[in-house]
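A structural walkthrough
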Amino acid sequence: MRACFMGLGYIGLPTAIIAARHGVQVAGVDINPDVVEMTNRGKLHIIEPGMEEMLQEVVEAGTLRALTEPVESDVYLIVVPTPFKGNHEPDVSYVEAAVRMAIPLLKEDDLLIIESTSPVGTTDAMKEIIFEERPELEGRMYMAYCPERVLPGNVIHELVNNDRVIGGIDTASAEKAAAFYRHFVKGELHMTDSKTAEMCKLTENSSRDVQIAFANELSLICDKAGVNVWELIRLANKHPRVNILQPGCGVGGHCIAVDPYFLTSDFPFESQIISKAREINNYKSFWCAEKVINAILRFERDHGRKPVVALMGLAFKPDIDDLRESPARHIVEKVMHHREGAEVLVCEPNVKKSDFPLADYAEAYEKADIVAFLTGHRQFKELPWRDDKVILDFCGIFRKG
Ligand code: SAJ
């Protein structure tokens, strides 16, 4: 079986590597020649623990090679980004461009799978483009939408073990796509139609965004009410049918903070809660930055000197080194801008280099008058509580249980 992966990014590359380890002959295509060159040298251009060793293995075995142009295959996978254009409107032009690159190579019995997060109806739209260009293939090839659901940082395990939704343009397509994923997926494969599969991906991430927004809203209410939000959630979750997530300093990454807009943009009147959740989670970062700035002003007023401030964490979630779309990073930028002359120490134990000079987290904690925890890293949880500091614990470092 030959598969051509169009897009060697955060999902395309790991999936290509795993498929290449499971008997699939993989061509990995990326328009960026640097990505192609690095991949062929066995160097990973993305951040994912354990993945580089696997890449080296499949490059050496010759089961994966990277190219800038697609080659004739049996399966084509579209795994390119779907960014925004204008005001949070999804832009499917990369998906369309990748599909158009594959069109001249398609032949009878081929399978084309879209994995890119896409607005509802994208697979049908791509089907029309293909059959307009190649009418002789109508009814003679297979197409499916099969979203991924891997958690960055745990990709190797989740790519293999997660259940997957397989959305065919018809039953035969769903079966053909399921047979392809069976090469490397141990989780269950759930077959449906392509529109439902597209919507399912958007629903999963919107659902999590809404649930986090509920926790973040509670944190704002608790701050005003003088109630410890962590204790509140811990106790409420003792109810057999309540399961509240944890508040933080906002929602980051490119999935949960992005995918809900695919629904709000196409269904603006219907998606009320989804749209409000996005607002709440964005507002939470702004609120945290304001809290730090106010603490700086209050400290100077009360002590007659500028404080030392430690901002703990830059990554978008605990125990990873991924700073992309990170609310912690937005907060750091805002505080740096409005620091009123205070010395600000930025700490991120999981990275060596960033746009900001980085301080050692234990030394910064010792030295600072004001400490704001922005990411709930494991290392921070070892630090002792200190009554002599102003501690802004936005991510529950000192929560019990
Ligand atoms: N967060 C909270 N409180 C929580 C949980 C998370 O504030 O209780 C924050 C995190 O700190 C982070 C953001 O939410 O800033 C997102 O983190 P995450 O761990 O919830 O999710 P991602 O973005 O790393 O990955 C998500 C996953 N989707 C779901 O869990 C529904 C993953 O399975 C998807 O494959 C991925 O999006 C994607 O690619 O779509």
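In short, a report on the structure. (Residues numbered from 1 in each chain as written. Predicted model: local features only at pLDDT ≥ 70, side-chain atom pairs only at ≥ 80, totals over all residues. Heavy atoms only, no water.)

1. Some details on the overall build of the chain
So the rule is basically this: The numbering of helices and of strands both runs from the N terminus, where a helix is a DSSP run of H or I of at least 4 residues and a strand a run of E of at least 2. For the radius of gyration, the atoms used are the C-alpha atoms, and the globule rule reads 2.2 Å times the number of residues raised to 0.38. For each residue, the accessible area found with a 1.4 Å probe, counting protein chains only, is set against the maximum for its type, and the residue is called buried under 20%, exposed over 50%, and partly exposed in between. When checking whether two residues touch, look at their non-hydrogen atoms; a contact exists if any pair is within 4.5 Å. Residue-level accessible areas treat just the shown protein chains as cover; the underlying method is Shrake-Rupley with a 1.4 Å probe. Asp and Glu are treated as the negative residues and Lys and Arg as the positive ones, with His and the ends of the chain left uncounted. A charge is said to be at NZ when it belongs to Lys, at CZ for Arg, at CG for Asp and at CD for Glu.
Assigned secondary structure in the chain consists of 13 helices and 14 strands. In terms of C-alpha radius of gyration, the chain reaches 24 Å, essentially the compact-globule figure of 21 Å for 401 residues. If one aligns the C-alpha atoms of the chain with their principal axes, the spans along those axes are about 80 × 45 × 40 Å. A buried classification covers 50% of the 401 residues belonging to the chain. Taking all contacts inside the chain whose residues are at least 6 apart in sequence as the whole, residues at least 24 apart take part in 68%. In the form shown here, the chain has an accessible surface area of approximately 18800 Å², with 51% of it arising from carbon and sulfur atoms. The chain carries 45 positive and 61 negative side-chain charges, and their two centres are separated by 6 Å.

2. Some remarks on the site of the ligand
Counted only if it meets this: It suffices for a single heavy atom of a residue to lie within 4 Å of a molecule or strand for the residue to be listed as near it. Polar contact criterion, stated in full: a pair of N or O atoms within 3.5 Å, where within protein one must be able to donate a hydrogen and the other to accept it, and residues adjacent in sequence count only if both atoms are side-chain atoms. Under the scheme applied here, ten amino acids are nonpolar (Ala, Val, Leu, Ile, Met, Phe, Trp, Tyr, Cys and Pro), four are charged (Asp, Glu, Lys and Arg), and all others, including Gly, are polar.
Close to the ligand lie 20 residues; Val150, Lys201, Asn205, Arg208 and Phe316 are nearest. Here an oxygen atom of the ligand and a side-chain polar atom of Asn205 are 2.7 Å apart. Between a nitrogen atom of the ligand and a main-chain N or O atom of Gln246, the distance comes to 2.7 Å. Considering the ligand on its own, with 770 Å² of exposed area, one finds that the protein chains cover 85% of that surface. Within the shell around the ligand, the residues separate by chemical class into nine nonpolar, four polar and seven charged.

3. A closer look at the layout of surface pockets
Put simply, the test is: Grid points spaced at 1 Å over the protein atoms alone were grouped into cavities, where a 1.4 Å probe fits but cannot get out, and pockets, open sets with protein on both sides within 12 Å along at least five of seven lines, with lining residues defined by an atom within 4 Å of a point. Grid points are joined across faces, edges and corners, and a volume is the space filled by probe spheres set on the points.
Looking at the second largest pocket, its volume works out to about 480 Å³. Along the wall of the second largest pocket there are 20 residues; nearest its centre are Asn228, Val229, Trp230, Asp393 and Phe394. Split by residue class, the lining of the second largest pocket holds 10 nonpolar, three polar and seven charged.

4. Some details on the sheet that holds strand β2 (residues 25-29)
Pairing between sheet strands relies on hydrogen bonds along the backbone, with the strands arranged either parallel or antiparallel. Selection criterion: Note: two strands are recorded as paired if DSSP finds a minimum of 2 bridges between them. The convention used is that axes are lines fitted to C-alpha atoms, helices contributing only their stretch in contact, and that angles between N-to-C directions extend from 0 to 180 degrees.
The strand order β3-β2-β1-β4-β7-β8-β9-β10 describes an open sheet built from eight strands, whose pairing is mixed. If you trace the sheet from one side to the other, it starts and ends with β3 (64-67) and β10 (189-193), each paired once. If you compare each strand with its neighbour and ignore which way they point, the axes differ by 25 degrees on average. Sheet analysis places strand β7 (residues 111-114) next to strand β8 (residues 142-145), joined by four bridges and oriented parallel. Residue pairing in the sheet places Ile113 in a bridge with Ala144 of β8. Those strands touched by helix α4 (residues 93-102) are β1 (2-6), β4 (75-78) and β7, and its axis lies near 165 degrees from that of β4. Across the sheet, helix α5 (residues 122-133) is in contact with β7 and β8; its angle to β8 comes to roughly 155 degrees.

5. Describing helix α7 (residues 171-181)
Quick reminder of the rule: Our arc is simply the arc of the directions from the helix axis toward the C-beta atoms.
Listing the buried residues of α7 in full gives Ser173, Ala174, Ala177, Ala178, Phe180 and Tyr181. For α7, the buried positions fall inside an angular range of 155 degrees around the axis, keeping them on one side. Against β1, β4, β7, β8, β9 (164-168) and β10 lie the buried residues of α7.

6. Here we look at the side chain of Glu348
Note the threshold: Should a side-chain nitrogen of Lys or Arg be within 4 Å of a carboxyl oxygen of Asp or Glu, the pair is scored as a salt bridge.
Looking at the secondary structure, you find Glu348 in the loop between β12 (343-347) and α13 (361-367). As a buried residue without a salt bridge, Glu348 has its nearest oppositely charged side chain in Arg378, at a separation of 9.4 Å. Contact partners of Glu348, with chain neighbours within four places excluded, come to Gly313, Leu314, Ala315, Ile320, Leu323, Leu358 and His377.

7. A short note on the packing of aromatic side chains
Basically, it comes down to this: Pairing of aromatic rings covers Phe, Tyr and Trp, the last through its six-membered ring, and needs centres within 6.5 Å; plane angles under 30 degrees mean stacked, over 60 mean edge-to-face, and all others mean tilted.
Applying the stated criterion to the full structure yields 12 aromatic pairs. Centroid distance Phe84 to Tyr261: 5.7 Å. Interplanar angle 85 degrees. Geometry classified as edge-to-face. Linking Phe84 in strand β5 (residues 84-85) with Tyr261 in helix α10 (residues 260-266), this pair joins segments that are 177 residues apart in sequence. Given the relative accessible area of 30%, Phe84 is considered partly exposed. We classify Tyr261 as buried; its relative accessible area is 11%.

8. Brief notes about the sheet that holds strand β11 (residues 308-312)
On the basis of which strands lie adjacent, the open sheet formed by four strands has the order β12-β11-β13-β14 and parallel pairing. One side of each edge strand has no neighbouring strand; the edge strands of this open sheet are β12 and β14 (390-393). On average, adjacent strands in this sheet sit at an angle of 15 degrees to one another, irrespective of strand direction. As paired strands, β11 and strand β13 (residues 370-373) are joined by four bridges and run parallel to one another. Bridged to Met312 within β13 is Phe373. Contacting β11, β13 and β14, helix α11 (residues 272-303) crosses the sheet at an angle of about 175 degrees to β13.

Honestly, it's all geometry; don't read function into it.
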